[in-house]
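Next come the chains, spelled out residue by residue.
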Amino acid sequence: MQKLIELKKDENILVSSTISNFLSPDYLYLAIKNDSEILVSKKTSVKIGDPLIINNTQTITSPSSGLIKSIKKMSSLAKTEYFLEIENDFEERSNKPPITQNNLNKLTKEEINNLIDSHIFIDKDYLILNALDDEPYILTENFYLFAYYEEFLELLDNLSKIYNIPNVYVCVKSNSSTNINKLMSALGMYPHIELKILPDLYLLGKESFLCNYLNITNDLTIKASTFYSIYNTLVRKRSTFDKLITISGDALKNPMIIKVKIGTLLKDVVNEFFKITTPNPLFIANGLMMGQVINIDNFVITDEFLGLLIMKPKEPKESGKCLNCSLCSEVCPVSLNPLLFNDKKYYEEAKKICLNCGLCSYICPVYINFFKEGVHYE
Ligand code: SF4
Ligand code: SF4
């Protein structure tokens, strides 16, 4: 059994229980990956759904109607530097008729095959919807499920019938009682979908840890955020232009879950909803354990972005002398010994399996930070 750990929570950091919207930013920025082809030129007027960029085989369409402005260097969690800038005209012009819900009963294998890589569903024993967030204070996956639970249950039910998948689980953490109650009443319609209420343990949201915990193999495990894109493709027949993000931290009083358009500037969202009174706060993307400190100026919300913690700056705790207590190696979920990271040969092998989970630094009683001194210092 892999090791899982219960993280101590800071009571000053809250997470909202409702979703707000920020769906009409002034500008949107679409990532231009290496070897992409840009299909539009400056000053082109575009509608929602117009093809703008081809990344390998994927066509990126416009999330907004407006004017193509320029190509800009921006920062993000995507491994790309350049972005196509669209100035929103707020007219919401679209190249498609308004969304009509596809009748799920008419969804066929052939149709699914035309829309997504459907071989993932074939010959599976388990279909798992994973709504577990790993990071404390980030509840993005959890809220995807609870914003769309009726739609998701119906699609799960249909996919399991179409592909003869005998077991369907929906996995949530036990600390979300209001949402669990909603889900339980909806599940009455789907007797073969099982709700798995799981403890709040760090890394349980990772697929291998979750399947190990549930003692299952031959599964197809899908994160709730990914299932939202599948739902849009199969049922609403459209690209996914929006996403949920969590914004929290001890430097603000009103944490929120916000629905934003992919490509929005993070700073626009922060300025719209939050008054930060703390001078020089720390902005941490994607959580305290596995996240990274960012500068929110020119930072674009891409698919990889799950949430932001706005934190009061703290005095770094002085790192002491190693006590040889072995806690760092005992806690490591993949049985690495971080004390050996100075050995180049060991480190080269270790970084192939390290999860970047941060537990070794988190557990160290004398604040030795392996993020800087070991695997994470590159
Ligand atoms: S960051 Fe890497 S070395 Fe440290 S506990 Fe996690 S997996 Fe182990
Ligand atoms: S947890 Fe910290 S003090 Fe203990 S062995 Fe590891 S580095 Fe040394």
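What comes next concerns the included structure. (Residues numbered from 1 in each chain as written. Chains lettered and ligands numbered in written order. Predicted model: local features only at pLDDT ≥ 70, side-chain atom pairs only at ≥ 80, totals over all residues.)

### Thoughts on the site of ligand 1
In the neighbourhood of ligand 1, 15 residues make up the surrounding shell, with C332, C354, C357, L359 and C360 lying closest. Within the shell around ligand 1, the residues separate by chemical class into 13 nonpolar, two polar and no charged. (Near = placed C-beta within 6 Å. Nonpolar A, V, L, I, M, F, W, Y, C, P; charged D, E, K, R; others polar.)

### What about the packing of helix 3 (residues 149-162) against helix 6 (residues 224-236)?
Contact pair helix 3 / helix 6: the axes reach a minimum separation of 11 Å and the direction vectors enclose 70°. The angle between the axes of helix 3 and helix 6 places the two elements in the roughly perpendicular class. Where helix 3 approaches helix 6, its residues E151, F152 and L155 are matched on the opposing element by F227, Y231, L234 and V235. Along the lines of polarity and charge, the residues of the contact of helix 3 with helix 6 split into six nonpolar, no polar and one charged. (Axes fitted to C-alpha atoms, helices over the stretch in contact; angles between N-to-C directions. Helix = DSSP H or I, 4+ residues; strand = E, 2+ residues; numbered from the N terminus. Parallel < 35°, antiparallel > 145°, perpendicular 65-115°, else oblique. Contact = placed C-beta atoms within 7 Å.)

### As for the site of ligand 2
Residues in close proximity to ligand 2 total 13 residues, the closest being C322, C325, L327, C328 and C364. Looking at the shell around ligand 2 residue by residue, the classes come out as eleven nonpolar, two polar and no charged.

### Examining the nonpolar core
One finds L30, L84, L129 and A131 to be the most contacted residues of the largest nonpolar core, which totals 71 residues. Looking at this core, you find at least three residues from each of domain 1 (1-22 + 106-314) and domain 2 (25-89). Residue contacts for L30: discarding those within four places in its chain leaves L52, I53, I60, F83, L84 and G263. Formed by ten residues, the second largest nonpolar core is a distinct cluster that contains C328, C332, C360 and Y362. (Core = buried A, V, L, I, M, F, W, Y, C linked by C-beta atoms within 7 Å. Buried ≥ 20, exposed ≤ 12 C-beta atoms within 10 Å, placed from the backbone. Domains from an automatic or database assignment.)

### A few points about the sheet that holds strand 11 (residues 193-198)
The parallel open sheet is built from four strands, whose spatial order is 11-10-9-12. Only two strands of the sheet have a single partner each, and these edge strands are strand 11 and strand 12 (219-223). Averaged over all pairs of adjacent strands, the angle between strand axes in this sheet comes to 20°, irrespective of strand direction. Bridging between strand 10 (residues 167-173) and strand 11 involves six bridges; their strand directions are parallel. (Pairing = 2+ DSSP bridges.)

### A word on helix 3
Its 14 residues give helix 3 an end-to-end C-alpha distance of 20 Å, which sits within 8% of 20 Å, the value for a rise of 1.5 Å per residue. Listed in full, the buried residues belonging to helix 3 are Y149, F152, L153, L156, L159 and S160. Across the axial projection of helix 3, the buried residues extend over an arc of 135°, all falling on one side. As for helix 3, its buried residues are in contact with strand 9 (126-130), helix 2 (140-147), strand 10, helix 4 (177-186), strand 11 and helix 6. The first or second residue beyond helix 3 is N164, which carries a positive phi of 50°. (Expected span 1.5 Å × (residues − 1). Arc of directions from axis to C-beta.)

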